[in-house]
Amino acid sequence: MSISSYPFDGQAVSEGQYSALFRELASHSGVADHVGGPGFHAYGDSSGMRVKVAPGFAIVRGHAVQSTATETVTIAAASAAQRYDRVVLRLDPTANSITLAVVQGTSGGSVPALTQTDTGVHEFPLATVTVPVGAATISAGNVQSEREFLGNSVGGWTTATRPKAPRTGRLGLNTSTNQWEFWDGTRWKDLAPTINWTMIEGAPASFPPAAHAHPWGDVTGKPSTFPPSSHNHDWDAITGKPSTYAPSSHSHSWSSITGRPSAFPPSTHSHAGYLTSSSTISWANGSKKPHSNAASGSGTWYAVWVEGDGTFCRNTSSVRFKENVRDQVINPDDVLALRPVIYDRKDTVTEGGSVKEGRKDEVGLIAEEVEAAGLDWMVNYLDGEVDGLRYDLLGVALVPVVQRQARQIVDLERRLATLEAKLS
């Protein structure tokens, strides 16, 4: 049967069952006393190499032990180097006993480990004894208490004697810090910690003063006189005002002007050095010189660029104008994926408010589709947005397409020649 219950009348209850029961009731091993109390208090009185242990009652792994008189345990003679011993209550289920014992450390070593098994020998610490070199007696200063104290949901301890395997929610008073603390499953936390400003989440960095007032007598450094600040007066309260008012320099928005003409013929004017190598214009649209120039004559011809600030310049390609030259990797499939389209330009509204019809049936590419195809180096941007295309770079993009086709043609010719050779 996998389920058992106990203790009941007429039923045999084993030592292990009682031990398990009392371990749950006591929550852990400990002395039935309060922190700093006399129960099983170990101390030295400089009467020799011995430690005295006061009477007390304790639970060790569900087994009870009671001492009704002061007991004395012997400390071994001093070693060549300082040594640490531990006074313990030793549970031995095989011997059916809990006794006082001394766990002797090693010369020059640290505090010795304890034997703490679940079903066998389990040593419960009462105190650590420091044994100096050449010591002949154990004084009160040589004995440091290690006692843990009983308590189920609430208990008490020092920082050094906290429960070693607490359950989540274990609560107790830490007399080392004089603070209530609890085990959250990972670490001991203050039940009511002191809150400082750095611990507050979402605290503002500054505090603008709220509306408030100061008595005049509290204001320091105030001036002896007060020039009037900017303020208003009712029109009727102004005296000596003129009967008429000549208009001052001012401006009007275009839409507020009435009776304006529908067109403005240009007045007689001229342009000096217009569109020469040293001149710039703020906007290139409407230039009549390129429009009226016919392509004729000999000499060097250049494609003309208009920079973002309106500057005209020639398109140069010589390596002497370039640096950091490196290969541009172009995927022919990206170029072949481009979609030629025919489209109509949207109508535009002129400054005068009239609508100018957009051009119809233009042929080209969509800049956003070119950008999406990974060819963003052909795209022009204005104010962070896609604006236009460098159609002059389309020929560069087609070079790897043609190169790949040339390689394919060579490969096909080679394979065809091989096939013809086999057939002949």
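To be clear, the structure that these remarks concern was listed above.
A brief structural summary. (Residues numbered from 1 in each chain as written. Predicted model: local features only at pLDDT ≥ 70, side-chain atom pairs only at ≥ 80, totals over all residues. Heavy atoms only, no water.)

1. Some remarks on the pairing of strand 3 (residues 50-53)
Our working rule: Per-residue accessibility, obtained with a 1.4 Å probe over protein chains only, is compared with the maximum for each type, and a residue is labelled buried under 20%, exposed over 50%, and partly exposed between these values. For the purposes of this entry, the term helix denotes a DSSP run of H or I that reaches at least four residues, the term strand denotes a run of E that reaches at least two, and both are numbered from the N terminus. Should DSSP find at least two bridges between two strands, the strands are regarded as paired.
Only one face of strand 3 is covered, namely the face carrying V51 and V53; the face carrying R50 and K52 is uncovered. The pairing of strand 2 (residues 42-43) with strand 3 spans two bridges and is antiparallel. What sits directly across from Y43, in strand 3, is K52. The antiparallel pairing of strand 2 with strand 3 creates a hairpin that spans six residues between the two strands, and S46 there sits at a positive phi of about 60°. In this structure, strand 3 lies alongside strand 6 (residues 71-74), joined through four bridges in antiparallel fashion. By the bridge assignment for strand 6, K52 is matched with T72.

2. Things to note about the sheet that holds strand 3
Taken in spatial order, the three strands of this open sheet run 2-3-6, and their pairing is antiparallel. Every interior strand has two partners, whereas the edge strands, strand 2 and strand 6, have only one.

3. Notes on the sheet that holds strand 5 (residues 63-67)
What holds strands together in a sheet is hydrogen bonding between their backbones, with the strands either parallel or antiparallel. Pairing in this open sheet of three strands is antiparallel, and the strands run 1-4-5 from one edge to the other. For this open sheet the edge positions go to strand 1 (30-31) and strand 5, each flanked by a neighbour on one side alone. The pairing of strand 1 with strand 4 (residues 56-60) spans two bridges and is classified as antiparallel. Counted as the bridge partner of G30 is I59 from strand 4.

4. Quick look at helix 5 (residues 394-423)
Note the threshold: Helices are assigned an expected span. That span is 1.5 Å times one less than the residue count. We call two residues contacting when some pair of their heavy atoms lies within 4.5 Å.
Between its terminal C-alpha atoms helix 5 stretches 43 Å, which fits the 44 Å expected from 30 residues at 1.5 Å a residue. Taken as a whole, helix 5 has its buried residues at A397, P400 and V401. Its buried side turned inward, helix 5 meets helix 3 (332-336).

5. With respect to the nonpolar core
As a reminder of what qualifies: For this analysis, a nonpolar core means a set of buried residues of the types Ala, Val, Leu, Ile, Met, Phe, Trp, Tyr and Cys, connected via side-chain atoms within 4.5 Å.
If you look at the biggest cluster of nonpolar residues, it comprises 23 residues, and the most contacted ones within it are F40, V51, L89 and V129. Elements supplying a minimum of two residues to this core: strand 3, strand 4, strand 7 (83-92) and strand 9 (122-131). Counting residues per element, this core draws most heavily on strand 9, which supplies five residues. Aside from chain neighbours lying at most four places away, what touches V51 is A42, Y43, E71, T72, V73, I75, V87, V129, I138 and V143. Ranked by size, the runner-up nonpolar core spans 14 residues in total, among them V370, A373, L375 and M378.

6. Some points on the side chain of T161
Note the cut-off: Contacts described as polar in this section are N or O atom pairs within 3.5 Å, which, within protein, must combine one atom able to donate a hydrogen with one able to accept it, while residues neighboring in sequence count only if both atoms come from side chains.
Inspection of the secondary structure assignment puts T161 in the loop between strand 11 (154-157) and strand 12 (171-174). What makes T161 buried here is its relative accessible area of 4%. Looking at T161, its side chain comes within polar contact range of the main-chain oxygen of R147, at 3.4 Å. Within polar-contact distance, the side chain of T161 engages the side chain of T158 at 2.8 Å. Setting aside residues no more than four positions away along its own chain, T161 makes contact with S145, E146, R147 and E148.

7. Quick look at unusual backbone geometry
Even without being a glycine, S46 presents a positive backbone phi close to 60°. For S46, the position within the fold is in the loop between strand 2 and strand 3. With phi around 55°, D383 is a residue other than glycine that occupies positive phi space. By the secondary structure assignment, D383 is in the loop between strand 21 (379-382) and strand 22 (385-389). For D383, a relative accessible area of 75% corresponds to the exposed category.

8. Some thoughts on the packing of aromatic side chains
Applicable threshold: Only rings of Phe, Tyr and Trp enter the pairing, Trp through its six-membered ring, and a pair is recorded when the two centres are within 6.5 Å. The plane angle decides the type: under 30 degrees is stacked, over 60 is edge-to-face, the rest tilted.
Applying the stated criterion across every chain, the model contains six aromatic pairs. Plain terms: the ring middles of W197 and F207 are 5.6 Å apart, the flat faces sit at 55° to each other, and that makes the pair tilted. With W197 in the loop between strand 14 (188-190) and helix 2 (288-292) and F207 in the loop between strand 14 and helix 2, the pair connects residues that are ten residues apart, well separated along the chain. On the basis of relative accessible area, W197 is assigned to the partly exposed category, the value being 47%. Ring geometry for W216 versus F226: centroids 6.0 Å apart, planes at 55°, classification tilted. A residue pair is termed long-range when its members are at least 10 positions apart, and W216 in the loop between strand 14 and helix 2 and F226 in the loop between strand 14 and helix 2 qualify at ten residues. Looking at F226, the relative accessible area reads 52%, which means it is exposed.

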